[in-house]
Amino acid sequence: MTRPRAEGAPAPTPGDPAGTDGSAPPAVPSIVRRRSLPSAGGLTVDGPRPRRSGRGRAASALVLLSIAVAAAAVLSAATGAVGVPPLSVIGALADHLGLGTLGVDVSARHDAVIWNIRLPRVLLGLLVGACLGCAGAILQGLSGNPLADPALVGVSGGAAAGAAAAIVAAPALLGQWTVPTAAFLGGLLATSVVYLAARRDGRTEIITLMLAGVAVGAVANALVGLAIFTANDQELRDITFWSLGSIGGATWTALAAVAPPGLVGLVLALRLARPLDLLALGEREAAHLGLPVERTHRQAVALVALLTAAAVAFTGIIWFIGLVAPHLVRLVGGPRHAMLLPASALVGAGTVVLADLAARTIAVPAEVPLGVVTALVGGPVFVLLLRRTRNAHGGWA
Amino acid sequence: MTVDPAGDTTGGTPGGTPGEPVLTAAGLSVHTPAARLLDDITLTVRAGELLAIVGPNGAGKSTLLAALAGDRPAPRTRTTGEVSLFGRPVGSYRPGALARLRAVLPQSGTPRFPFTVEDVVRLGRAPWPPDRDRDDAAVGTALAIADVAHLTARRCTDLSGGEQARVSLARVLAQDTPVLLLDEPTAALDLRHTENVLMTARRMADAGRAVVVVVHDLNLAATHATTVAVLAGGRLRALGSPAEALTSTILTETYDHPVTVIDHPLRPVRLVLPAGLPAGQPLPPQSPGA
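Note that the structure is predicted; figures quoted are calculated from it, not measured.

**As for the overall build of chain B**
Looking only at helices and strands, one finds nine helices and 12 strands in chain B. Its C-alpha atoms give chain B a radius of gyration of 20 Å, within 12% of the compact-globule value 19 Å for 290 residues. By its C-alpha atoms, chain B is 65 × 40 × 40 Å across when sized along the principal axes. Within chain B, contacts between residues at least 6 apart in sequence are counted, and of these 67% link residues at least 24 apart.

**Structural notes on the sheet that holds strand E1 (residues 21–31) of chain B**
All names here are of chain B. Read across the sheet, four strands follow the order E2-E1-E4-E5 without closing on themselves; strand pairing throughout is antiparallel. In the strand order of this sheet, the two ends are held by strand E2 (36–46) and strand E5 (88–89), each with one partner. Note that strand E4 (residues 78–85) and E5 share two bridges and pair antiparallel. Bridging from a neighbouring strand, Ser-84 pairs with Pro-89 of E5. Sheet strands in contact with helix H1 (residues 61–69) are E1, E2 and E4, and its direction is about 125° off that of E1.

**Regarding helix H14 (residues 337–361) of chain A**
Along its 25 residues, H14 of chain A runs 35 Å from first to last C-alpha, staying within 8% of the 36 Å computed at 1.5 Å per residue. With 22 of its 25 residues buried, H14 of chain A lies for the most part within the structure.

**With respect to the sheet that holds strand E6 (residues 102–105) of chain B**
Backbone hydrogen bonds are what pair the strands of a sheet, in a parallel or an antiparallel way. Residue and element names in this part refer to chain B. Pairing in this open sheet of six strands is mixed, and the strands run E6-E7-E8-E3-E9-E10 from one edge to the other. Here the strands that pair on one side only, and so sit at the sheet edges, are E6 and strand E10 (235–240). Pairs of neighbouring strands in the sheet enclose a mean axial angle of 15°, with direction left out of account. Bridge count for E6 against strand E7 (residues 179–183) is four bridges, and the pairing is parallel. Directly across from Arg-102, in E7, lies its bridge partner Val-179.

**As for the nonpolar core**
With 208 residues, the main nonpolar core has Cys-131, Cys-134, Ile-138 and Val-304 of chain A as its most contacted residues. When residues in this core are grouped by element, the largest group, 18 residues, is from helix H4 (residues 108–143) of chain A.

**Here we look at the packing of helix H6 (residues 178–198) of chain A against helix H12 (residues 293–315) of chain A**
Residues and elements named next belong to chain A. Their axes nearest at 8 Å, the elements H6 and H12 cross at an angle of 155°. Taken together, the axis directions place H6 and H12 in an arrangement best described as roughly antiparallel. The handedness of the crossing between H6 and H12 comes out as right-handed. Across the interface between the two elements, Pro-180, Ala-183, Phe-184, Gly-187, Leu-188, Thr-191 and Tyr-195 of H6 pack against Val-301, Ala-305, Thr-308, Ala-309, Ala-310, Val-312, Ala-313 and Phe-314 of H12. Considering only residue class, the contact of H6 with H12 consists of 12 nonpolar, three polar and no charged.

**Notes on H4 of chain A**
Residues and elements named next belong to chain A. An ideal rise of 1.5 Å per residue puts 52 Å on 36 residues; H4 measures up with 51 Å between its terminal C-alpha atoms. For H4, the principal kink sits at Arg-118 and spans about 45°; a proline, Pro-120, occurs within the next four residues. With respect to burial, H4 is a largely interior element, 28 of its 36 residues being buried. Taken from the residues just after H4, Gly-144 is the one with a positive phi, measuring 65°.

**Thoughts on the confidence of the model for chain A**
Low pLDDT means the predicted atomic positions in that stretch should not be read closely. Residues and elements named next belong to chain A. With 84% of its residues at a pLDDT of at least 70, chain A reaches an overall mean of 82. When pLDDT is averaged over each element of chain A, helix H10 (residues 273–279) comes out on top at 95 and helix H1 (residues 30–34) at the bottom at 34. When the criterion is pLDDT under 50, residues 1–48 qualifies, and its contacts beyond four places in sequence or with other chains add up to 55 contacts.

**Focus on the pairing of E7 of chain B**
Residues and elements named next belong to chain B. Of all five residues in E7, five are buried; the element is thus mostly enclosed. With burial as the criterion, each face of E7 is covered, one bearing Val-179, Leu-181 and Asp-183 and the other bearing Leu-180 and Leu-182. Pairing of E7 with strand E8 (residues 210–214), which is carried by five bridges, proceeds in the parallel orientation. Counterpart to Val-179 in the pairing with E8 is Ala-210.

**A word on the confidence of the model for chain B**
Residues and elements named next belong to chain B. Residues of chain B with pLDDT of at least 70 account for 92%, and the chain-wide mean is 88. The low-confidence segment residues 1–13, where pLDDT is below 50, has 20 contacts with residues more than four positions distant or belonging to other chains. For this predicted complex, the interface confidence reaches an ipTM of 0.88, while the overall pTM sits at 0.84.

**Let's talk about the pairing of E1 of chain B**
Side-chain direction in a regular strand flips from residue to residue, so the side chains alternate between the two faces of the sheet. Residue and element names in this part refer to chain B. Examined bridge by bridge, E1 and E2 share seven bridges and lie antiparallel to one another. Within E2, the position partnered with His-31 by the bridge is Arg-36. Between E1 and E2, which pair antiparallel one after the other, the connecting turn spans four residues. When E1 meets E4, the two strands line up antiparallel, connected through seven bridges. Across the sheet, residue Ser-29 finds its bridge partner in E4, namely Thr-80.

**What to know about unusual backbone geometry**
The step from Val-364 of chain A to Pro-365 of chain A runs through a cis peptide bond, and the omega angle for that step is 5°. Locating Pro-365 of chain A in the fold gives a position in the loop between H14 and helix H15 (370–393). The backbone of Phe-86 of chain B shows a phi angle near 50°, a positive value even though the residue is not glycine. Tracing the sequence through the fold places Phe-86 of chain B in the loop between E4 and E5. With a phi angle near 55°, Asp-176 of chain B is a residue other than glycine that sits in the positive phi range. Relative to the assigned elements, Asp-176 of chain B resides in the loop between helix H5 (161–174) and E7. Exposure remark for Asp-176 of chain B: the 27 C-beta atoms within 10 Å place this residue in the buried category.

What counts as what
Residues numbered from 1 in each chain as written. Chains lettered and ligands numbered in written order. Predicted model: local features only at pLDDT ≥ 70, side-chain atom pairs only at ≥ 80, totals over all residues. Helix = DSSP H or I, 4+ residues; strand = E, 2+ residues; numbered from the N terminus. Rg over C-alpha atoms; globule rule 2.2 N^0.38 Å. Contact = placed C-beta atoms within 7 Å. Pairing = 2+ DSSP bridges. Axes fitted to C-alpha atoms, helices over the stretch in contact; angles between N-to-C directions. Expected span 1.5 Å × (residues − 1). Buried ≥ 20, exposed ≤ 12 C-beta atoms within 10 Å, placed from the backbone. Core = buried A, V, L, I, M, F, W, Y, C linked by C-beta atoms within 7 Å. Parallel < 35°, antiparallel > 145°, perpendicular 65-115°, else oblique. Left-handed = near helix turned anticlockwise from the far one by under 90°. Nonpolar A, V, L, I, M, F, W, Y, C, P; charged D, E, K, R; others polar. Bend = angle between axes of the 7 residues up to and from the residue. pLDDT = per-residue confidence, 0-100.

What follows is the structure, given as structure tokens:
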């Protein structure tokens, strides 16, 4: 035998006539008894207990990732037209949380810059990035497709159509809330249409869902085009910049508006970890393991819509975060969603904060649109990821 | 023993009293607009029984297994008749409760992301409330029985077809249910693992579980099953012990090919052979449709 263990083949024992069938005893051939395969009666045999490998490691990886994201946030808050030492950033933050300045000397000017300008922007970036990264992970898990992006269920297109319509038709209806509200509602509406279009006989096929998403996305795109067609120059500028994404408009009020849906969505998303693991086995298999598949589809689509719509409402479309963040995490941490969902949120948060840092520092005093930065960096990175993943796994299987 | 299927979430129920009816189909028919997939199937699977479902391609074996599993009917099919599990319509169970009563091994399927073998087998514990010791024991035993314990850290997307099939089997065993439904579990397996799967199924049955297995190899049915159901064109052609159901007459007619049944030289079971032609006779010319 040239491959004794790889296929679990039994090593022939000297003296055992494994090959001479005629002399084997009746009833149970000796080769069967001799093998170490345990008896299966009532699963009462104690097999070797597998170690719960990787659970502790996953937890420490998440902690490390959180620290890295926090460091990126402090770095971003410290950098800008007015340079603030990173320690002062922490001091100012602690001061506002009622902990005193932790012995750091924070000037009133620095405090004002951090608290009024930088912090809302950094926090909104973190939240938006977390929502997009997490939504991407959910959608990729739901579709079993590592190329799925929240845009695929129509939510981004719907939000863009909502924002464009609001900019052109009634920009003053709700004051500064007009465009975000319209974008948020547009995203949810588009996803609802996609979901209902894909539903038949009380079930939704995910592939139909994705195709309906493409169709609704096309319609939304046409609506944006229609808005552009009727827009004056200023409105045209607004629509264009909205679709390129920016968190430059971040205020505490904007953060307060995005935080409730965003945070609720993120917390609820964690509960999808086990269902998404099960769905990865296939829908039939998941159902056999007790998963209410339709309910899971519904919850996942609703969460993707909520997270994405909340994320883009104030900031416009930010490409590639939802696509790349889960990829990156899967490459390093494996596909288990208990790890993938929070880690994708963290990676998304860190990426948006760093991309925003780049967006507002590479062309001072101008700001490059955030979506331009993420797409410019994200595109090539994504291609590299694709090639690495494909090489590592021998295909997409 | 009285089983309260829906309420029991403690696990470790190997099955019912031997002989107790566990899973029954009564007048079960499945139609599509164009064809009749199953036609008036009535059968009972008892605790302690290993039922092998055999039949030609397209006879309705997988359709029957899916109906017994309580799967949602495929679109555009109509199902009449009833399937009961532990005395209740299989459709009346909540998904979680059903998954604690019956495990299903479908024909194929690789996870869509590169999960490790251990992750996949652990998902078999999903229907049960988390219990570290019990979960570890069930997973460890399942890995060992399916002979994949040496693969635990491998990515299941990297495995051979036979190894993947054994990982799926381990997942199903880890589910630890009183009823097991296996759809062609041996399709990708070598001789030793094929025997291992069928012997595992038989031990499960002997321990009081009810096991239904779809196989193509009639000899596996003849040598391991306690009961054999022969399906042909969606109808139950024969149901009984291997000796009753696997006769030369029934099989020759069912498969439309001459079949001989002989005694096993070593064991008190029968062997099924395609009869072929008498010695010295030339093969007939191939007909266009054959």
